[in-house]
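# Working through the structure, step by step
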Amino acid sequence: MAPHIASASSFLFVPANRPERYAKALASGADAVIVDLEDAVALPQKEQARQVLAHWLRQQGPQPRLWVRINAADTVWHDDDLASFAALSIAGIVLPKAEQAKGLSAIARRLGPGRGLIALIESAAGLAAMREIAAVPGVQRLAFGSIDAQVDLGMQCGPEEEELTHFRLEMVMASRLGGIAPPIDGVTPDFNDDALLERVVARARRLGFGAKLCIHPRQVVAVRRGFMPSQDELAWAGAVMAAVQASDGGAISLDGKMIDRPVILQAEKFLRQAGLLPD
């Protein structure tokens, strides 16, 4: 598995045809950077962008936080993209328009150990196949291409995309059943609306997501903060663990409520996320 993939909460996109932004993105504080060869690059520039990125990576050496979003499997650029980056020392590959477990399995085998694979779900076919995709050995996380999914489904969602809640819950379920890390939520295009970003990150966390795609560096801090436990949650977790330690194996209660194993596990999760318990 790619380093820290399970705990990464912020994934920042950077266009592959803007090499002057690669290092800036890596220095932004994002847990991971996705260099984008797909949507961010115009058709006539795709081959040049691929060459520029591959050259930069060979010059820079290992990049354990850098992912490459290659072009989709049904495009003329896909095979060359995969051939260019499968052997380089990066975190892994992001596959857009992920729809078939068989194709993802072949990519995962080609990447081999030490490089990850993120399946970007952004179509009706991908949504329908999520459980099979999440079960593919080598797929580390699912990511939600919510804007493309709306287009494919003929939906017109509001800014907070409440209409997509069902699909988000299904993605969380698929990830859990596949035994992989919680999924990565889609982008919020308006990077100047801080209040909106705070609300959608909080919702993603409540639904069981563990990360979010970012399109601008100024979104990174809010996203990382939003997936961390609040001070109130940490205080509660500390009180739970103190009650457990004081129980001497007997029945445990806190503020008039019984503390059972699921409550303890949640408290431990909060403390682990904050670095107060070892992984």
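Here goes a summary of the coordinates provided.

Basis of the calculations
Here the residue index of a chain counts from 1 through its sequence in written order. Selection of residues for local features in this predicted model requires a pLDDT of at least 70, selection of side-chain atom pairs for listing and counting requires 80 or more, and totals for whole chains, interfaces and linings are taken over all residues. Neither water nor hydrogens contribute to the side-chain values; these are computed over all heavy atoms in the structure. Secondary structure elements are taken from DSSP: a helix is a run of H or I of four residues or more, a strand is a run of E of two residues or more, and numbering for both begins at the N terminus. Pairs of N or O atoms within 3.5 Å make up the polar contacts considered here, provided that, within protein, one atom can donate a hydrogen while the other can accept it, and that residues adjacent in sequence are counted only when both atoms are side-chain atoms. Here a residue-residue contact requires only that any non-hydrogen atoms of the pair lie within 4.5 Å. Cavities and pockets are found on a 1 Å grid laid over the protein atoms alone: a cavity is a set of points where a 1.4 Å probe fits but cannot escape, a pocket is an open set with protein on both sides within 12 Å along at least five of seven lines, and a lining residue has an atom within 4 Å of such a point. Grid points are joined across faces, edges and corners, and a volume is the space filled by probe spheres set on the points. Charged residues are taken to be Asp, Glu, Lys and Arg, nonpolar residues to be Ala, Val, Leu, Ile, Met, Phe, Trp, Tyr, Cys and Pro, and polar residues to be all remaining types, Gly included. The span one expects for a helix is its residue count, reduced by one, times 1.5 Å. Only protein chains enter the accessibility calculation, which uses a 1.4 Å probe; a residue whose area is less than 20% of its type maximum is buried, one above 50% is exposed, and one in between is partly exposed. Regarding the arc, it is the one traced by the directions from the helix axis to the C-beta atoms.

## A short note on the side chain of Glu 161
- Its location among the elements puts Glu 161 in the loop between α7 (146–153) and α8 (165–178).
- Here the side chain of Glu 161 touches Gln 150 through a polar contact of 3.0 Å, side chain to side chain.
- Filtering out sequence-adjacent residues up to four positions away, Glu 161 remains in contact with Ser 146, Ile 147, Gln 150, Arg 168 and Arg 203.

## Thoughts on the layout of surface pockets
- Its volume calculated, the largest pocket comes out at about 910 Å³.
- Ala 6, Ser 7, Ala 8, Gly 210 and Gln 273 are the residues nearest the centre of the largest pocket, which is lined by 31 residues in total.
- Mapped by element, the contributors of at least two residues to the lining of the largest pocket are β3 (63–69) and α12 (261–273).
- If you tally residues by element for the lining of the largest pocket, the top one is α12, at five residues.
- For the lining of the largest pocket, the residue count by class is 15 nonpolar, seven polar and nine charged.

## Structural notes on helix α2 (residues 46–60)
- Over its 15 residues, α2 extends 21 Å from the first C-alpha to the last, a length consistent with the 21 Å expected when each residue adds 1.5 Å.
- Turning to α2, its buried residues number three or more, namely Lys 46, Ala 49, Arg 50, Leu 53, Ala 54, Trp 56 and Leu 57. Down the axis of α2, the smallest arc covering the buried residues is 160 degrees, so these residues share one side. Opposite the packed face of α2, turned more than 90 degrees from it, sit the exposed residues Gln 48, Gln 51, Arg 58 and Gln 59.
- The secondary structure elements touched by the buried residues of α2 are α1 (22–26), β2 (32–36), β3, α3 (78–85) and β4 (90–95).

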